[in-house]
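Observations on the model geometry
What follows is the residue order along each chain.
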Amino acid sequence: MSAEVLSLIMFAVTCGVLILGFPVAFSLAGSALAFAILGDWMGLFDMRLMGGPASRYFGIMVNEVLVAVPLFVFMGVMLERSKLAEQLLETLGLLFGPLRGGLGVSVTLVGAMLAASTGIVGATVVTMGLLSLPTMLKSGYDPRLACGTICASGTLGQIIPPSIVLVLLGNIMQGANTQAQLAMGNFAPEPVSVVDLFAGAFLPGMVLVSLYMAWNLMVAWFRPEAAPALKDAHYEGTLGERVVRAVVPPGILILAVLGSILAGVATPTEAASVGAVGAMVLAALRRNLSLDVLREVMRQTLQISSMVFVILLGASMFSLVFRGLGGDELVAELLGAMPGGVFGAMVVVMLVMFLLGFFLDFIEIIFVVVPIVGPILLMMGIDPIWLGVMIAINLQTSFLTPPFGFALFYLRGVAPTEVRTASIYRGVMPFVFIQILMLCLIAAVPGLATWLPKAMFG
């Protein structure tokens with residue numbers, strides 16, 4: 001048996017262990033260590049390479065960009081506890097509800113705002129499922145349209161910056177681009193940063209929001225009974241005042257965080273710290289900030305951040321052993337032999353990531369798959385920002401696709417019992433087609449992902 005074949009067996013065994021539900025970080029590191037020992041016993045792996053993880057772990061700990069992850073998580077959890085989503089849904093529902101399809105438009109807009117302020121897909125889907133699904137069903141909405149809109153809007157946190165997915169993916173793409181450029185003999189490569197990926201994902205994210213809203217309005221036009229207007233809405237004060245109170249504060253926070261990043265005024269880490277403090281201020285203004293709330297938010301932030309970084313450490317071990325066995329060279333040969341050249345290789349990688357997204361979370365895919373295939377695709381001449389945006393939208397699509405999409409399980413867990421699982425599956429299919437259309441559109445017009453970064457940063 002060759003070392004390359006052993007690396008593929010390691011990859012398959014690791015995916016199988018993850019699908020069985022074992023802890024991700026320990027599965028990655030444990031599988032890598034087991035195959036390193038096996039490879040050393042077979043004379044296929046040099047155990048001296050195992051001295052490398054210590055320096056890599058230290059590099060992760062001092063990486064300033066990754067400090068943005070716990071800060072953005074804190075910001076998202078704090079905004080969730082401040083009941084921002086509840087007030088936004090109620091207010092925008094009153095604003096657009098009198099229109100046919102207005103509730104669907106409201107849910108999409110709230111999903112976009114929560115994506116720009118939290119970036120946590122599971123929390124967004126669950127929150128909107130608890131708050132908006134009963135209202136939509138009570139108003140006479142088709143359960144399929146209601147469930148599809150909530151699931152799709154909840155996954156916008158994958159693509160709309162400042163997204164945790166984009167922070168992690170941008171950090172990985174930065175390393176992959178440097179590795180690819182050095183392999184091609186360019187010892188002064190142009191850097192690719194998280195900010196570039198934020199700018200590249202902004203326009204595709206806005207186009208997706210527009211397509212989601214357009215689908216709701218089109219259904220309402222051709223099937224008025226599926227998306228009726230909201231009737232007999234009661235509220236205190238004027239609607240204008242309520243809209244200002246509900247929309248302006250989070251809008252200012254989003255503008256301060258995302259605007260400062262794209263304008264080059266602040267780094268993602270600095271902007272994330274501003275967002276964390278701003279979220280605390282919003283919670284205090286809503287009188288939802290107390291010592292107990294702060295303690296709970298900090299506990300959840302610690303749990304989520306610890307999960308992310310422990311997985312990152314395990315994935316580093318996995319990548320080291322995979323490369324030590326020559327797996328990256330085998331993958332490069334396989335992709336290079338694909339019919340269609342660069343296009344064929346890109347299609348295969350997108351398909352593999354899409355299928356893996358059924359079973360693995362985005363964190364595992366970003367930390368395990370992207371470091372392997374990223375440098376290979378970039379050495380073929382693919383733009384790193386375009387590739388990063390394509391990967392992010394592809395992972396978002398896999399979150400929606402039946403029967404294993406994570407967003408479907410999140411919504412199923414909080415949906416009323418009268419909502420059938422088949423309704424959820426059928427409801428997301430139009431949005432899956434919209435996602436595929438978006439992938440094809442970016443593939444045909446790469447400028448959707450590359451124009452804004454070039455216009456802003458040259």
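Residues numbered from 1 in each chain as written. Predicted model: local features only at pLDDT ≥ 70, side-chain atom pairs only at ≥ 80, totals over all residues. Heavy atoms only, no water.

**Thoughts on the overall build of the protein chain**
When helices and strands are tallied, the protein chain shows 21 helices and zero strands. Against the 2.2 N^0.38 benchmark of 23 Å for 458 residues, the protein chain shows a C-alpha radius of gyration of 23 Å, consistent with a compact globule. Reported as C-alpha extents along the three principal axes, the dimensions of the protein chain are approximately 75 × 45 × 45 Å. Across the protein chain, contacts joining residues at least 24 apart in sequence account for 82% of those joining residues at least 6 apart. Accessible surface, the protein chain as shown: approximately 19,200 Å² in total, 70% of it carbon and sulfur. When the 20 positive and 24 negative side-chain charges of the protein chain are each reduced to one mean point, those points stand 12 Å apart. (Helix = DSSP H or I, 4+ residues; strand = E, 2+ residues; numbered from the N terminus. Rg over C-alpha atoms; globule rule 2.2 N^0.38 Å. Contact = heavy atoms within 4.5 Å. Areas by Shrake-Rupley, 256 points an atom, 1.4 Å probe, with all protein chains shown as cover. Lys, Arg positive; Asp, Glu negative; His and termini not counted. Charge placed at Lys NZ, Arg CZ, Asp CG, Glu CD.)

**Comments concerning the pattern of salt bridges**
Evaluation of the coordinates by the stated rule reveals five salt bridges. Between Asp292 and Arg295 there is a salt bridge, and its shortest N-O distance comes to 3.0 Å. Taken together, the positions of Asp292 and Arg295, both in helix 14 (residues 291-324) and three residues apart, correspond to about one turn of that helix. In this structure Asp292 comes out as exposed when scored by relative accessible area, which is 56%. A relative accessible area of 40% means that Arg295 is categorised as partly exposed. Residue Glu296 pairs with Arg299 through a salt bridge whose shortest N-O separation is 2.9 Å. Separated by three residues within a single helix, Glu296 and Arg299 lie in helix 14, roughly one turn from each other. Glu296 gets classed as partly exposed once you look at its relative accessible area, which sits at 26%. Through salt bridges with shared partners, one network takes in Asp142, Arg144 and Arg223. (Salt bridge = Lys/Arg side-chain N within 4 Å of Asp/Glu carboxyl O. Buried < 20%, exposed > 50% of the residue type's maximum accessible area, 1.4 Å probe, protein only.)

**So, helix 16 (residues 342-356)**
In a regular helix each residue adds 1.5 Å, so 15 residues correspond to 21 Å; helix 16 covers 21 Å between its end C-alpha atoms and thus fits that length. Listed in full, the buried residues belonging to helix 16 are Gly344, Ala345, Met346, Val349, Met350, Met353, Phe354 and Leu356. Close packing links the buried residues of helix 16 with helix 1 (3-19), helix 15 (327-336), helix 17 (362-379) and helix 18 (384-400). (Expected span 1.5 Å × (residues − 1).)

**Considerations on the side chain of Asp142**
Among the structural elements, Asp142 can be located in the loop between helix 8 (133-138) and helix 9 (143-154). Within the local environment of Asp142, its side chain forms a polar contact with the side chain of Arg223, the two groups lying 2.7 Å apart. Excluding residues that lie within four positions of it along the chain, Asp142 makes contacts with Arg223 and Ala226. (Polar contact = N/O pair within 3.5 Å; in protein donor to acceptor, adjacent residues only side chain to side chain.)

**Brief notes about the packing of helix 11 (residues 194-222) against helix 20 (residues 421-444)**
It is at 11 Å that the axes of helix 11 and helix 20 come closest, and there the two elements cross at 145 degrees. Where helix 11 crosses over helix 20, the two elements pack in a sense that is right-handed. Contacts from Pro204, Val207, Leu208, Leu211, Tyr212, Trp215 and Asn216 in helix 11 reach Pro430, Phe431, Ile434, Gln435, Met438 and Ile442 in helix 20. (Axes fitted to C-alpha atoms, helices over the stretch in contact; angles between N-to-C directions. Left-handed = near helix turned anticlockwise from the far one by under 90°.)

**Considering helix 4 (residues 68-81)**
Over its 14 residues, helix 4 runs 20 Å from end to end, which matches the ideal 20 Å to within 8%, given 1.5 Å per residue. Of all 14 residues in helix 4, ten are buried; the element is thus mostly enclosed. Residues of helix 4 that are buried: Ala68, Val69, Phe72, Val73, Phe74, Met75, Gly76, Val77, Met78 and Leu79. Backbone geometry just after helix 4 places Lys83 at a positive phi near 60 degrees.

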